[in-house]
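This is what each chain is made of:
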Amino acid sequence: LVMVHCDSLYESLYDLLNQHYMEYAGQRYVRIAHGSKAKQCPIHRLFRVIVVTEINDAYYRLAPPLLNRFEKQIFLRRDLMERADEALLSRLKKFWGAVTECMLQQRGRGAEPAPAPVGDAEAQEDGAEDFEAATQRPIAGYHADLLASLVFMLRRRKGGTSNLDELCDEAKRMLTRVLTPEAACIIAASYDAKEMYSKFGFDLVSEYFENQRHSDLPSFAEALLADESAWSDQVGAQVMVLTYSPIRGKISQELQRTVDARCREVSLHELSSSQDIEKSVKMFYDDAPEMAGEKRFLLIHADPVAASPRMIEHCRFVCEKLRAEFIKKGRSVAGSMFVILVVHLQRGLDNLFSFDYDSQWSFVFLDSVEQSADLENMPSLGHMLHKPLLEVVSNIDFAKLLQTCFRSSLSRMIYPHSRRPSDLQAQIRSILAYLEDTNFVTIVRNWTLLILKQTPKNLAKPSEGTVGQDTNWFAAIAGAAHELALAGTFRAALHNRIAVLVSSMLTVLLAHLDRNGGLALLGDPNKRRLWLNLSEASLSSDLAVRLRTESMAATQEEATAQHEVGTDAQTGARPFTSRFPVSWFVSRSIDNARHTIETLPKENQMSALAKIYQASTLLDVGLDPEVGDALLDDYLADFAAMHLDWTRLIDREMQKNVMSKMLQRCKGGKLTSILEVHQLFWNQERHVAYCIKLLNAVPDALFKAEELIATSEMTLLNLDLLLLVHQTLANELRGQQKVGEQGPHQFYREWLARKTVVAGLTKDLLSDHGTHHSPAAQERLARIKCDTEPRVESLALFLEYVAVPLNLPSDVVSQLASELPEGKIRQAKTLSAMLGMARGISDQEGALAYISAFLESWTLDV
């Protein structure tokens, strides 16, 4: 009795194995037990039992009492080898040693001697291999006796008709068929064709990618139908396909379209018993075609984690048995029946499964069971090898690739302001529309290729070439265990590498293009052409230093690296949304000439600036300085945000209006050119900034301030504005409308804070006009010093010493502000008004002390 895979029966045979016989009438009997039942069975005196099991099972799975009942023999293939077989095995060991040495060199262990490719040493180390080492193995499912099984298979298939060289070449090709794509890529990156002939005796990479099919199952099946030498018999072929591609779903329809054959598809882990396996295979052969030209495919999916390796071996046995019975019946049609057993392995866990070469089966490793064309326009593996990365990327449909990765790019951009979900949704819709714009896609593509072409692969050694010139760019991916495990297939890992690269480049570019929120202007038909021209020019400008730095880093960075979207606001914490296309680039390009222009007399500045502009990039891209009223207004809005500090009480639109009126007043007419904006602002920047700060302290004066800007002399404008601001501050206390909005106590504190700002600006201005001898200026200075400034100071002291501590109602403060005399404030009527106020509130607790402190401070300070 020969027992193979009969683990469930061993316990029933212990009486037999212990030789506990009972003899009756010359016949021996032995007790056989199964479950709760037992029976005395006759046994022949010459009965012997042989248990065939794997070495690992004998060492680790079978019970020691069972093993102790047997004489144990280790039976290896090499024990049956003839001298010719040993010679072939020796050559294959040398070939396999060269392959494994290449793998070790790739892992940085090239200085160590390569271990023996087969034998006990490697068998002992297999269990101790770490995750990365396991994924580096050139053959998934490799074991120590694999090469010996290949030798026996070739001897059985070829017999004595082939010489040793032919058998060796055939064996190398068969081993190449089961190499993983990453192993082939590591070899491709390590050796050129001449070195491969020296190491392996043939061009292994060309054989793998050009003569064989390893990309996907449909293309392999198509090649299988055409290559009768790969068939296991005249009926067709039985093929075991190894792959790291997961089981995602049914692919029979996809296979059917490719090979024009009827396909039956089953999953081994979904079958509950061996009868179900046999039934599925039998149904396949019962449906065999009766006419030549018809094809049938049986596709069996097997996952060694869900379906045990023993179940997979049993499935192979069932397929072999039923195929032999089918051929015996004589109903077979040549080249009609093909069985493909797809074993879906997991990276790092491929030691759960191993295989032996068999004359009735062919073996191949496929990168994926799905078609290559399904992987988003990526070229095949063979087409990517030994091609520079620049050429690979340039041949991809950029629009389609960008559509798949732009969302990832958006998630990696850090904006200087908070954004709502609706903002992100609107941005996604806009970019989807932009990706339909050929001009936009061309800009992205050309810039990406330019960066790849210019960025050194190794900054420390620029002589090694650029990132785009690298022909072995895929080698790093072949050795990245984690990336391969996440991607599932090598083709997907390569695609992810390119997708991450393009996504990183797109992140950097979008962060540049969306500077100040300017990307949205591409959707404006009136600004689109100007945006495209200026944006493209900004990419290669010396002003885009940050873009250049981040783009170089993007060629090497991780998929999660983030990039900040820049802002050019004068107050960085308060970003703005630009209204003029790429206004930051226009503004900085013109501001580069500021130092040169300011050294010239004012009457010559405009003509000199126009001459410099004639030689600038802005004119080359078609930007006419006289852009029209609408665009000039947009530019003024951006210009104000980029050159003026943000203010709390007057927004940037008001700032723009004030600045525009001041520049027009300086010019003496309407602004017509962006060059005029820059030249006039350079001369009036200090006055404009002072005016904005003053009006921010007293925003109620804004309307009258605009009238003053239009009518007042420019030399007296700041003094007039100061008078207006003081008058407006005092008038705020006379009325009660603003007080009612927030309560008197809060209003008093806010008023005092604004008054402090005005006092500081007043002090700065008065120090500048201390030696001014213009009669008009002296008259205004006198009004400020004798009337408006002391009046505001008096009211501020009253609020600070009396109104706030006593929490006085607003009508008391309003009454005092109204009773103060007009004109000069330092007179008896002022003191009389204050004393009258004191009599009115004297009945409040502590009022006299607060009033005394106020009068003392007023006397000393005012």
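All values reported here derive from a predicted model rather than from experimental measurement.

> Account for the overall build of the protein chain, with residues named and values stated.
Across its full length, the protein chain carries 40 helices and twelve strands. The globule rule puts the C-alpha radius of gyration for 862 residues at 29 Å, and the 44 Å found for the protein chain is more than 25% above it. The principal-axis extent of the C-alpha atoms belonging to the protein chain is close to 150 × 70 × 55 Å. Within the span of the protein chain, comprising 862 residues, buried residues form 50% of the whole. Taking all contacts inside the protein chain whose residues are at least 6 apart in sequence as the whole, residues at least 24 apart take part in 76%.

> Can you explain the pairing of strand β10 (residues 362-365)? Please cite residues and give values.
Burial along β10 is two-sided: the residues Ser-362 and Val-364 and Phe-363 and Phe-365 are all buried. Pairing of strand β6 (residues 236-243) with β10 involves four bridges; the strand directions are parallel. Counted as the bridge partner of Val-239 is Ser-362 from β10.

> Tell me about the environment of Ile-55, residues and numbers included.
With respect to the helices and strands, Ile-55 occurs in helix α2 (residues 55-60). Expressed as a C-alpha distance, the spacing of Ile-55 and Ile-74, which sit 19 residues apart in the sequence, is 7.6 Å.

> For the sheet that holds strand β7 (residues 262-267), give the residues involved together with the corresponding values.
In spatial order, the strands read β7-β8-β9-β6-β10; together these five strands make up an open sheet with parallel pairing. If you trace the sheet from one side to the other, it starts and ends with β7 and β10, each paired once. On average, adjacent strands in this sheet sit at an angle of 20° to one another, irrespective of strand direction. Of the strand pairs in this sheet, β7 and strand β8 (residues 296-302) are connected by six bridges, and their pairing is parallel. Along β8, the bridge assignment pairs Arg-264 with Leu-298.

> Could you give me a rundown of empty space enclosed by the protein, with the residues and numbers involved?
Summed over all chains, the structure comprises three cavities of 30 Å³ or more. Roughly 80 Å³ of internal volume is contained in the largest cavity. Forming the walls of the largest cavity are His-512, Leu-513, Arg-515, Asn-516, Gly-518, Trp-531, Ser-535, Ser-538, Ser-578, Val-582, Ser-583 and Trp-584. Within the residue set of the lining of the largest cavity, elements represented by two or more residues are α23 (490-513), α24 (528-539) and α26 (583-591). Considering each element in turn, the lining of the largest cavity owes the most residues, three residues, to α24. For the lining of the largest cavity, the residue count by class is four nonpolar, seven polar and one charged.

> Account for the layout of surface pockets, naming residues and giving values.
Of the pockets and cavities examined, the second largest pocket occupies roughly 630 Å³. Those elements giving two or more residues to the lining of the second largest pocket turn out to be α21 (475-478), α22 (481-487) and α23. The dominant element in the lining of the second largest pocket, judged by the number of residues it contributes, is α23, at five residues. Of the residues that constitute the lining of the second largest pocket, the class distribution is 13 nonpolar, five polar and six charged.

> Talk me through the side chain of Arg-296; I want residue IDs and the actual numbers.
With respect to the helices and strands, the residue Arg-296 is situated in strand β8. Judged by its relative accessible area of 6%, Arg-296 falls in the buried class. Only 3.3 Å separates the side chain of Arg-296 from the side chain of Glu-294, close enough to count as a polar contact. Contact partners of Arg-296, with chain neighbours within four places excluded, come to Ala-261, Arg-262, Phe-284, Asp-287, Pro-289, Ser-336, Met-337 and Phe-338.

> Can you tell me about the confidence of the model for the protein chain, naming the residues and giving the values?
Per-residue confidence for the protein chain gives a mean pLDDT of 86, with 93% of residues at or over 70. Taken as a whole, residues 109-132 scores under 50 in pLDDT and shows 29 contacts with residues more than four places along the chain or in a different chain.

Parameters and conventions
Residues numbered from 1 in each chain as written. Predicted model: local features only at pLDDT ≥ 70, side-chain atom pairs only at ≥ 80, totals over all residues. Heavy atoms only, no water. Helix = DSSP H or I, 4+ residues; strand = E, 2+ residues; numbered from the N terminus. Rg over C-alpha atoms; globule rule 2.2 N^0.38 Å. Buried < 20%, exposed > 50% of the residue type's maximum accessible area, 1.4 Å probe, protein only. Contact = heavy atoms within 4.5 Å. Pairing = 2+ DSSP bridges. Axes fitted to C-alpha atoms, helices over the stretch in contact; angles between N-to-C directions. 1 Å grid on protein atoms, 1.4 Å probe; cavity = no way out; pocket = protein on both sides within 12 Å on 5 of 7 lines; lining within 4 Å. Points joined across faces, edges and corners; volume = space filled by probe spheres on them. Nonpolar A, V, L, I, M, F, W, Y, C, P; charged D, E, K, R; others polar. Polar contact = N/O pair within 3.5 Å; in protein donor to acceptor, adjacent residues only side chain to side chain. pLDDT = per-residue confidence, 0-100.

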